[in-house]
Amino acid sequence: MTKKVSRRKAGKGEMLPPKRGTGGTTKKNTEAKTHGATRADLELVQRFREGDLGAFDAIFEAYSGPLLGFLTRMCGNPEDAKEGLQDTFLSVFRYLEGFRGEASLKNWIFKIAVTACLKKKRKMQPFPSGEIEGGPGGWAGPEAFTNPLDASRGSPEWKLDPETLVLDDEFRRYIVQGVASMPYIYKVVINLRDFEGFSTQEVSRLLRLKESTVKVRLHRARLYLQDWLKRRLRVSEQGKPGRA
Amino acid sequence: MGTKKDPCTKIVQKMYLMLEGGESGSLCATLRIHLEGCTSCAEQYRVLEDIVSLCKRFPDEEVSEDQKQKIKEKLLKSLSAT
Ligand SMILES: [Zn+2]
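The rules behind these values
Residues numbered from 1 in each chain as written. Chains lettered and ligands numbered in written order. Predicted model: local features only at pLDDT ≥ 70, side-chain atom pairs only at ≥ 80, totals over all residues. Heavy atoms only, no water. Salt bridge = Lys/Arg side-chain N within 4 Å of Asp/Glu carboxyl O. Helix = DSSP H or I, 4+ residues; strand = E, 2+ residues; numbered from the N terminus. Buried < 20%, exposed > 50% of the residue type's maximum accessible area, 1.4 Å probe, protein only. Donors = N, O, S within 2.8 Å, 3.2 Å for Na, K, Ca; no water. Tetrahedral: all angles 85-135°; square planar, octahedral: opposite > 155°, others 65-115°.

Engineer: Summarise the pattern of salt bridges; cite the residues concerned and give the values.
Structural biologist: This structure, assessed with the given rule, holds 16 salt bridges over all chains. Between K68 of chain B and E61 of chain A there is a salt bridge, with the nearest N and O atoms lying 2.8 Å from each other. You can see K68 of chain B sitting in helix α4 (residues 65–81) and its partner E61 of chain A sitting in helix α2 (residues 53–75), one on each of two chains. A relative accessible area of 10% means that K68 of chain B is categorised as buried. Between D169 of chain A and R172 of chain A there is a salt bridge, and its shortest N-O distance comes to 2.8 Å. Taken together, the residues span about one helical turn, with D169 of chain A and R172 of chain A both in helix α6 (residues 169–180) at a distance of three residues. The exposure class assigned to R172 of chain A is partly exposed, which follows from its relative accessible area of 21%. Within this structure, D57 and E61 of chain A together with E65, K68 and K72 of chain B form a network of salt bridges that share partners.

Quick look at the structure:
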């Protein structure tokens with residue numbers, strides 16, 4: 001039996017370009033070029049419009065994990081991320097009526113999450129809005145990379161095994177801190193592109209940036225993250241990360 | 001204008017073209033040739049590949065059943081009130 005959920009009059013649903021996937025659980029879909037919602041997206045939204053609580057649950061279940069990951073890396077602390085998750089879902093369910101299917105449900109939902117982050121960011125301390133000028137440990141941005149293998153960057157200890165490291169709780173915390181510490185314009189790009197698997201084209205539409213800008217910011221964000229990790233980690237010969 | 005950059009810095013700044021994949025322009029060819037002859041840039045490129053791989057493998061955040069329940073209740077309450 002389906003319960004009814006009351007629905008508010010829809011706001012203006014801003015649609016974005018898309019990708020595949022229904023429940024949005026398909027992360028790491030890096031270069032999908034399709035546009036618009038899938039049939040499954042549309043069916044799910046239709047069920048929600050008809051007041052089917054099962055659709056509400058399905059959307060919540062499919063997106064709560066990815067959204068909490070995204071928001072944690074944006075906010076840097078679990079409490080703000082949880083608050084952001086609630087705000088995001090509240091907007092999602094309030095405005096789902098206005099979902100026109102011009103973008104996939106995943107893109108539409110993440111656009112809302114990005115907006116929630118922006119609102120939060122404005123309330124908090126002003127983030128640098130320009131290019132990266134300072135970073136962890138006084139890092140001066142990619143322009144400072146005069147020599148990619150300068151001894152001070154600790155390259156000899158850099159032995160990453162992504163498959164192993166990603167299983168390590170402490171290492172994951174470092175990554176989250178590293179991403180969260182970036183200026184907004186960089187972390188939002190790396191978060192969507194590399195962590196959430198949106199294509200460059202999707203990120204550019206989602207953030208209303210030129211694709212070339214997305215690529216440059218993404219690259220800088222990756223270099224920043226690399227620098228952050230190198231400063232904080234020493235990967236032992238056993239591959240077990242530890243504090244520098 | 002600007003300060004003169006050494007060739008390796010310029011290469012590092014353009015590495016994203018190769019990381020994007022599917023790029024086959026002459027700039028990519030130049031990058032590849034440089035990487036073949038420069039161990040430091042080749043190492044830097046490998047590290048960036050690892051960073052990308054790490055991000056792509058990064059798991060979603062776990063939302064506990066308890067948290068889910070609390071959020072859903074709040075959402076349903078807010079939605080019913082509007
Ligand atoms: Zn070089």
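Engineer: Tell me about the coordination of the zinc ion, and please be specific about residues and values.
Structural biologist: All names here are of chain B. Around the zinc ion, the protein supplies C8 (SG), H34 (NE2), C38 (SG) and C41 (SG) as donor atoms, at distances of 2.1 to 2.3 Å. What the four donor atoms of the zinc ion show is an angle range of 102 to 114 degrees at the metal, which sorts the shape as tetrahedral. Along the chain, the residues that donate to the zinc ion are spaced as C-x25-H-x3-C-x2-C. Each member of the pair, C38 as well as C41, carries the same accessibility label: buried.

Engineer: Give me the lowdown on unusual backbone geometry, citing residues and values where you can.
Structural biologist: Residues and elements named next belong to chain A. You will see that R208, though not glycine, has its phi angle at about 55 degrees, which is positive. Secondary-structure assignment places R208 in the loop between α8 (200–207) and α9 (211–232). Owing to a relative accessible area of 60%, R208 belongs among the exposed residues under this scheme.

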